[in-house]
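Chain by chain, the residues:
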Amino acid sequence: LLVVSLFLFILKKNLKKIEINRNHIILAFICLYKFEVLGQLLELFSYLSCENIENTLYVSKDLLFKCERSDTNSIYFVYLMTILIPFTVIWVFLIPGILLYSLFKENKKGLLNEHYNLEKYGALTIGYKKEYFFWEIARIFNKILFIACAKFIFYDPARILFLICIFCFYAM
């Protein structure tokens, strides 16, 4: 997302002839987030989870690194604090929170179904009744919860069965 936004900024700055609609840029970011959230979170969570091999914890994604979360001088701890946790907070809480806040703000004004806002938030609201405008964000949170549970409680079959029962209940 950062690369795309930088590209669009440079494009708009250098090519004054091309008019870029802000709503289309927002819609593009929403679509990118909506379709990339699963892959990005799987990657992030696989670096956050650890595997126990011969009583030593290793990073699931890269078994060369030990999960030394308490040792502040380890490479993994620095990587955890500077990249993994901030990006996880951004992908899990910040982006969906901003989208949810924007949807509620526009709905409170009664302008959510206006053409201007449908250009921006149409990927999130089209297909849902007016009172369920937030449902796509709820589905994104559901996916995030499912990925987190599957990644962090994978080793216990009873927990997996419980997780499947919960998601089947929510699917009804």
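What you see is a predicted model, and the numbers here were worked out from it, not measured in a lab.

What to know about the pairing of strand E1 (residues 50-53)
By the bridge criterion, four bridges tie E1 to strand E2 (residues 56-59) in an arrangement that is antiparallel. Within E2, the position partnered with Cys-50 by the bridge is Val-59. Connecting E1 to the next strand, E2, in antiparallel fashion are two residues, including Glu-54 with a positive phi near 50°.

Some remarks on the packing of helix H2 (residues 22-48) against helix H4 (residues 115-125)
At their nearest, the axes of H2 and H4 sit 8 Å apart, and the two run at 5° to each other. Relative to H4, H2 is oriented roughly parallel. Where H2 abuts H4, its residues Asn-23, His-24, Ile-26, Leu-27, Ile-30, Cys-31 and Lys-34 lie against Tyr-116, Glu-119, Lys-120, Tyr-121, Gly-122, Ala-123 and Leu-124. Per-class residue counts for the contact of H2 with H4 are eight nonpolar, three polar and three charged.

Points about helix H5 (residues 135-152)
The first and last C-alpha atoms of H5 sit 26 Å apart over 18 residues, in line with the 26 Å expected at 1.5 Å per residue. All buried positions along H5 are accounted for by Glu-136, Ile-137, Ile-140, Ile-144, Ile-147 and Ala-148. Taken end-on, H5 shows its buried residues confined to a sector of 120°, consistent with a single buried face. Those residues of H5 that are buried are in contact with H2, helix H3 (75-109) and H4.

Notes on the nonpolar core
Of all hydrophobic cores here, the largest spans 26 residues; its most connected members are Tyr-33, Leu-41, Phe-45, Leu-99, Leu-103 and Ile-144. Filtering out sequence-adjacent residues up to four positions away, Leu-41 remains in contact with Trp-91, Val-92, Ile-144 and Ile-147.

Focus on the confidence of the model for the chain
On average, residues of the chain score 76 in pLDDT, and 78% of them are at 70 or above. Ranking the elements of the chain by mean pLDDT puts helix H6 (residues 157-171) last, at 66, and H3 first, at 83.

Topic: the packing of aromatic side chains
Applying the stated criterion to the full structure yields five aromatic pairs. Ring centres of Phe-134 and Trp-135 lie 6.3 Å apart, and the angle between their planes is 70°; on these two criteria the pair is classed as edge-to-face. On the basis of relative accessibility, which here comes to 42%, the residue Trp-135 falls in the partly exposed class. Every member of this aromatic cluster is reached through a ring pair, and the members are Phe-104, Phe-133, Phe-134 and Trp-135.

Rules used throughout
Residues numbered from 1 in each chain as written. Predicted model: local features only at pLDDT ≥ 70, side-chain atom pairs only at ≥ 80, totals over all residues. Heavy atoms only, no water. Pairing = 2+ DSSP bridges. Helix = DSSP H or I, 4+ residues; strand = E, 2+ residues; numbered from the N terminus. Axes fitted to C-alpha atoms, helices over the stretch in contact; angles between N-to-C directions. Parallel < 35°, antiparallel > 145°, perpendicular 65-115°, else oblique. Contact = heavy atoms within 4.5 Å. Nonpolar A, V, L, I, M, F, W, Y, C, P; charged D, E, K, R; others polar. Expected span 1.5 Å × (residues − 1). Buried < 20%, exposed > 50% of the residue type's maximum accessible area, 1.4 Å probe, protein only. Arc of directions from axis to C-beta. Core = buried A, V, L, I, M, F, W, Y, C linked by side-chain atoms within 4.5 Å. pLDDT = per-residue confidence, 0-100. Phe/Tyr/Trp six-rings, centres within 6.5 Å; stacked < 30°, edge-to-face > 60°.

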